[in-house]
Amino acid sequence: MEAEFPVVQYISPEGQLNADYAQTYDRQHLMLSYENMLKARVFDRKAVNLQRQGRIGTYAPFEGQEAAQIGSAMALETSDWMFPSYRDHAATLTFGHSLMNVLLYWAGRVEGCMPPEGKHIFPPSVPIATQIPHAVGAAWAEKLKGRTGASIVYFGDGATSEGDFHEGLNFASVFHAPVVFFCQNNGFAISVPVSRQMKSKTIAQKALAYDIPSVRVDGNDVLAVYEETKKALDRARKGEGPTLIEAVTWRYGAHTTADDPTKYRDQSLSEEKRVEDPLTRVERMLRHNGDWDEEWAQRVSEEMSDRVDNAVKDMEQYPAAEPTFMFDHIFETPTWHIREQRDSIERKEG
Amino acid sequence: MGMNTLQHQPSETNAKPVGQTEKMTLVQAVTDGLRTMMSEDEQVLVLGEDVGTNGGVFRATDGLINEFGDNRVVDTPLAEAGIIGTSIGLAMNGFKPIAEIQFLGFIYPGFEQIVTHAARIRMRTSGRYTVPMVIRAPYGAGIRAPEIHSDSTEAFFVHLPGLKVVAPSSPYDAKGLLIASIEDPDPVIFLEPMKSYRAGREDVPVEKYTVDIGKANVVKKGEDVTLICWGNMVKPTMEAAQKAEKEKDIQAEVIDLRTLYPLDKDTIVQSVEKTGRVVVVHEGHRTGGVGAEIIGLINDHALFYLRSPIERVTGYDVHVPLFALEDHYLPSIDRVYKGIQNVLAY
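Residues numbered from 1 in each chain as written. Chains lettered and ligands numbered in written order. Predicted model: local features only at pLDDT ≥ 70, side-chain atom pairs only at ≥ 80, totals over all residues. Heavy atoms only, no water.

Q: Outline the overall build of chain B, supporting the account with residue identities and numerical values.
A: In terms of regular secondary structure, chain B is built from twelve helices and 14 strands. For chain B, the C-alpha radius of gyration of 19 Å lies close to 20 Å, the compact-globule estimate for 346 residues. Counting only C-alpha atoms and orienting by the principal axes, one finds that chain B spans roughly 60 × 45 × 45 Å. Here the contacts in chain B between residues at least 6 apart in sequence split such that 84% fall between residues at least 24 apart. Carbon and sulfur atoms form 49% of the exposed surface of chain B, whose accessible area is close to 12,500 Å². Treating the 34 positive side-chain charges of chain B as one cloud and the 46 negative ones as another, the clouds have centres 3 Å apart. (Helix = DSSP H or I, 4+ residues; strand = E, 2+ residues; numbered from the N terminus. Rg over C-alpha atoms; globule rule 2.2 N^0.38 Å. Contact = heavy atoms within 4.5 Å. Areas by Shrake-Rupley, 256 points an atom, 1.4 Å probe, with all protein chains shown as cover. Lys, Arg positive; Asp, Glu negative; His and termini not counted. Charge placed at Lys NZ, Arg CZ, Asp CG, Glu CD.)

Here is the structure:
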């Protein structure tokens, strides 16, 4: 099966563009991809530090998965729908979520779930795979309305063991929904390696059972991810149905800041994986082509660092939530139970 | 006693429609409610297992596919999480899906979607996205159905914030409450008492009307004791009330709750203030059942009017037995009658 689903790679870890894709070299696009990945990495490292300093709560880092998230999100159009899991901030930020809101969410504020006006970015799904049927439903609605919007849904390798993954693929197949299933296979579901998660050799092959086209892509190759996601979205828009993308990647660090990966994997592996790093390979490629600009990269990094610092300030200065806020959005019109309980908090009756 | 002797009382905010009526069973009233809303609003979709060509295993969606086509009456794969999960996506993107779960006892694979998403999306997006969907499910024992088909686990849903839970007992209420549920901007669990599906016919207006969610119906007025019930339990409760009246001159007030969340506090409290004695009747399991919540509500709002402890006549804390024993599980007229005697003898 691995032979039937070869890993599509446009840029090698050494920074060489595969001859088959030579025509896809676009300096502007690659620089923008790099810029987005660099910004995401700066954000992610700062977020981990913020958690260590106790300024945000438990955080789910993504370092190593930038290409998978950013390559795919850059292929989206404003009218599309994004259904992220809790690790997909690089994707949501690329699609237009605000830095401050992402931080606010991890600081324990539900207000952080809110995307900018006009952007369909869903709150990060915390249960595993349950967001997959929503993406199918939203895509199905686009089709029923005769519109060309598509859904993309992000999930990990562990999610493919859940029933909701299979029900989602099956519904999408039956109803020919314009949805892209985007799996980031980072090798582990917390502590459980893929080899223990499933006997299938690939995740891409699972789409065969649903007669859905699928592709296995180097998830650390931002160009391959972008191009393959774009193809899948174009298919969806043309009414050609869903696609499953397996982006093979690696997360260097812990599942969350509450987790110690040395308990279940040799972390020297993570250091070895650095040779395949999504940022390094683009840098190498730009260097080969004489397009690399060290000062530019430095500037992007510093500017992002300042932006994150400002977002942290905004997050920390965000007005404290009123305790009564928790009652505000349970129903459109609160029931008497909620009104009474809200009143009791206002009167401090407990 | 037939269903038509249970006189529907319109709630204060809903004038009873005066137009043309038709005699309908409860399940026909459900179909009529679906048809009414599908005709009015193109965003209303029906989806579930066997709801299309087959018209539903209870015929609740009979004929709708011919009228509205298979894009609006959708036979889905056999997958409850998929039905509810995709309905959530449809609802968030402008549709009003009505998901049919074939029996309430089969809803559990889809339970996670209800708990972790349908009930929370309004909160998690501060109102940006909402889930205006209805999940319909036949429930309850007494029709000699196979194992697992007869559950009455409404308490699971009453416990969850963000859901409304409705359980009509009559054809009139079924249509009016279903329309109100479809129009409700929040997710509604619509429990259809399957033993009452074809238990009788009553006049149901042909026009569109609603029965308010959250309004109980006083189906029989009385001074001596308040009997609180819903769904399939209204019939044995009414019969027990009539027996008590005939044999002991006990005037029972019978409240059909119609909505289990939010409860109609005012109707319950006013009745308890008048009678001082209460029997709650439900076929769901006793422990943690909706009856316990009703007793809590009375404790909070009418404790000092009580003249005896509140009696619960309920299903037992056992799995609904296979049908050879289901009549022993279900509250019977005699068990309700005994409950009435207990609170009066205190």
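More follows now that the structure is in view.
Q: Break down the pairing of strand 4 (residues 96-100) of chain B for me, with residues and values.
A: Residues and elements named next belong to chain B. Most of strand 4 is tucked away: four of the five residues are buried. Where strand 2 (residues 44-48) meets strand 4, five bridges bridge the pair, whose relative direction is parallel. Counted as the bridge partner of Leu-47 is Ala-99 from strand 4. Pairing of strand 4 with strand 5 (residues 134-139), which is carried by three bridges, proceeds in the parallel orientation. Note on strand 5: the bridge partner recorded for Ile-98 is Val-134. (Buried < 20%, exposed > 50% of the residue type's maximum accessible area, 1.4 Å probe, protein only. Pairing = 2+ DSSP bridges.)

Q: Quick rundown of the sheet that holds strand 4 of chain B? Include the residues and the values.
A: Residues and elements named next belong to chain B. Across the sheet, which stays open at both edges, the seven strands sit in the order 3-2-4-5-7-6-12 with mixed pairing between neighbours. Two strands in the sheet have a free side with no partner beyond their single neighbour: strand 3 (73-75) and strand 12 (259-261). Averaged over all pairs of adjacent strands, the angle between their axes in this sheet comes to 20°, without regard to strand direction. (Axes fitted to C-alpha atoms, helices over the stretch in contact; angles between N-to-C directions.)

Q: Report on the nonpolar core, specifying residues and quantitative values.
A: Among the nonpolar cores identified, the biggest contains 89 residues, and Phe-155, Val-179 and Phe-181 of chain A together with Ile-114, Leu-257, Ile-294 and Ile-298 of chain B are the most heavily contacted of them. Among the elements that make up this core, the one with the highest residue count is helix 5 (residues 131-144) of chain A (seven residues). Setting aside chain neighbours within four positions, we find Ile-114 of chain B in contact with Ile-84, Ile-107, Ala-119, Ile-135, Phe-157, Leu-160, Leu-163 and Ile-189 of chain B. Of all hydrophobic cores here, the second largest spans 71 residues; its members include Met-31, Ala-40, Ile-70 and Cys-113 of chain A. (Core = buried A, V, L, I, M, F, W, Y, C linked by side-chain atoms within 4.5 Å.)

Q: Quick one: what's the story with the sheet that holds strand 1 (residues 7-8) of chain A, residue by residue and with numbers?
A: Residues and elements named next belong to chain A. Within the open sheet, the seven strands sit side by side as 1-8-9-5-4-2-3. Their pairing is parallel. Both edges of this open sheet fall to strand 1 and strand 3 (120-121), since each of them pairs with a single strand only. The pairing of strand 2 (residues 81-83) with strand 3 spans two bridges and is parallel. Pairing of Trp-81 across the sheet is with His-120, part of strand 3.

Q: Outline helix 12 (residues 336-346) of chain A, supporting the account with residue identities and numerical values.
A: Listing the buried residues of helix 12 of chain A in full gives Trp-336, His-337, Ile-338 and Ser-344 of chain A. Those residues of helix 12 of chain A that are buried are in contact with strand 12, helix 9 (265-275) and helix 10 (290-302) of chain B. In the segment just after helix 12 of chain A, Lys-348 of chain A is the residue with positive phi, at about 55°.

Q: Lay out the interface of chain A and chain B with the relevant residues and their values.
A: When the parts of a complex come together, some accessible area is lost, and that lost area is often taken as the interface size. On the chain B side, the residues contacting the 48 residues of chain A number 45 residues. Taking both sides of the interface into account, the surface hidden between chain A and chain B amounts to around 3,800 Å²; carbon and sulfur atoms contribute 65%. The tally of links between chain A and chain B comes to three salt bridges. Here Glu-340 of chain A and Lys-265 of chain B are joined by a salt bridge, their closest N and O atoms 2.4 Å apart. At the boundary of chain A with chain B, the tally comes to 20 residue pairs in polar contact (both at pLDDT 80 or more). Contributing elements (two or more residues each) for the side of chain A that touches chain B: strand 2, strand 3, helix 5, helix 6 (163-175) and helix 12 of chain A. (Buried area = accessible area lost by both parts, 1.4 Å probe. Salt bridge = Lys/Arg side-chain N within 4 Å of Asp/Glu carboxyl O. Polar contact = N/O pair within 3.5 Å; in protein donor to acceptor, adjacent residues only side chain to side chain.)

Q: Any details on the packing of helix 5 of chain A against helix 3 (residues 80-92) of chain B? Residues and values, ideally.
A: Relative orientation of the contacting elements helix 5 of chain A and helix 3 of chain B amounts to 55°, with a least axis distance of 6 Å. One finds that helix 5 of chain A runs oblique with respect to helix 3 of chain B. For the pair helix 5 of chain A and helix 3 of chain B, the sense of crossing is right-handed. Contact with helix 5 of chain A, carried on its side by Pro-133, His-134, Val-136, Gly-137, Ala-138, Trp-140, Ala-141 and Leu-144 of chain A, involves Ala-81, Gly-85, Thr-86, Ile-88, Gly-89, Leu-90 and Met-92 of chain B of helix 3 of chain B and no other residues of that element. (Parallel < 35°, antiparallel > 145°, perpendicular 65-115°, else oblique. Left-handed = near helix turned anticlockwise from the far one by under 90°.)

Q: Could you give an account of the pairing of strand 10 (residues 225-229) of chain B, naming the residues involved and the relevant values?
A: Residue and element names in this part refer to chain B. Of all five residues in strand 10, five are buried; the element is thus mostly enclosed. Where burial is concerned, the two faces of strand 10 agree: the one with Val-225, Leu-227 and Cys-229 and the one with Thr-226 and Ile-228 are both buried. As defined by bridge partners, strand 10 adjoins strand 13 (residues 278-285) across three bridges and the pair is classed as parallel. Bridge assignment links Leu-227 to a residue of strand 13, and that residue is Val-279.

Q: Can you explain the layout of surface pockets? Please cite residues and give values.
A: One way to see where empty space is left: roll a probe the size of a water molecule over the atoms. The space that makes up the second largest pocket amounts to roughly 590 Å³. As for the second largest pocket, its lining consists of 24 residues, of which His-337 and Gln-341 of chain A together with Val-158, Tyr-261 and Glu-293 of chain B are closest to the centre. Those elements that place two or more of their residues in the lining of the second largest pocket are helix 12 of chain A together with helix 6 (154-158), strand 12 and helix 10 of chain B. Ranked by the residues each element gives to the lining of the second largest pocket, the list is headed by helix 10 of chain B, at six residues. (1 Å grid on protein atoms, 1.4 Å probe; cavity = no way out; pocket = protein on both sides within 12 Å on 5 of 7 lines; lining within 4 Å. Points joined across faces, edges and corners; volume = space filled by probe spheres on them.)

Q: Kindly report on helix 8 (residues 234-248) of chain B, identifying the contributing residues and their values.
A: Three- or four-residue spacings in an α-helix give side chains the same orientation, since the helix completes a turn every 3.6 residues. All names here are of chain B. In a regular helix each residue adds 1.5 Å, so 15 residues correspond to 21 Å; helix 8 covers 20 Å between its end C-alpha atoms and thus fits that length. Buried residues along helix 8 sit in contact with strand 9 (217-220), strand 10, strand 11 (252-256), strand 13 and helix 12 (333-345). Following helix 8 by one or two positions, Asp-249 has its phi on the positive side, about 55°. (Expected span 1.5 Å × (residues − 1).)

Q: Now, about the side chain of Asn-220 of chain A: what can you tell me, with residues and values included?
A: Residue and element names in this part refer to chain A. Looking at the secondary structure, you find Asn-220 in the loop between strand 8 (214-218) and helix 8 (222-237). At 3.3 Å, the side chain of Asn-220 and the backbone oxygen of Glu-276 are in polar contact. The residues contacting Asn-220, other than those within four sequence positions of it, are Gly-64, Ala-67, Val-248, Thr-249, Trp-250, Glu-276, Pro-278 and Arg-281.

Q: Got a sec to walk through the packing of aromatic side chains? Specific residues and values, please.
A: Considering all chains together, one arrives at 27 aromatic pairs over all chains under this definition. Relative to Trp-106 of chain A, the ring of Tyr-105 of chain A lies with its centre 5.4 Å away and its plane at 80°, an arrangement referred to as edge-to-face. You can call Tyr-105 of chain A buried: its relative accessible area is 19%. Judged by relative accessible area, Trp-106 of chain A falls into the buried class, the value being 13%. Seen from their ring centres, Phe-103 of chain B and Phe-106 of chain B are 5.4 Å apart, and the 70° between their planes marks the pair as edge-to-face. Accessibility expressed as a relative area gives 9% for Phe-103 of chain B, which makes it buried. Judged by relative accessible area, which is 23%, Phe-106 of chain B ranks as partly exposed. In this structure an aromatic cluster arises from ring pairing among Phe-43, Tyr-59, Tyr-105 and Trp-106 of chain A. Just above the ring of Tyr-252 of chain A sits the side chain of Arg-274 of chain A; from NZ or CZ to the centre is 3.6 Å. (Phe/Tyr/Trp six-rings, centres within 6.5 Å; stacked < 30°, edge-to-face > 60°. Lys NZ or Arg CZ within 6 Å of the ring centre and 35° of its normal.)

Q: Which residues make up the environment of Ala-199 of chain B, and what are the values?
A: Residue and element names in this part refer to chain B. Relative to the assigned elements, Ala-199 resides in the loop between strand 7 (188-193) and strand 8 (202-205). By relative accessible area, which is 31% here, Ala-199 ends up partly exposed. Remark: the alpha-carbon pair of Ala-199 and Pro-309, spanning 110 residues in sequence, is separated by 33 Å.

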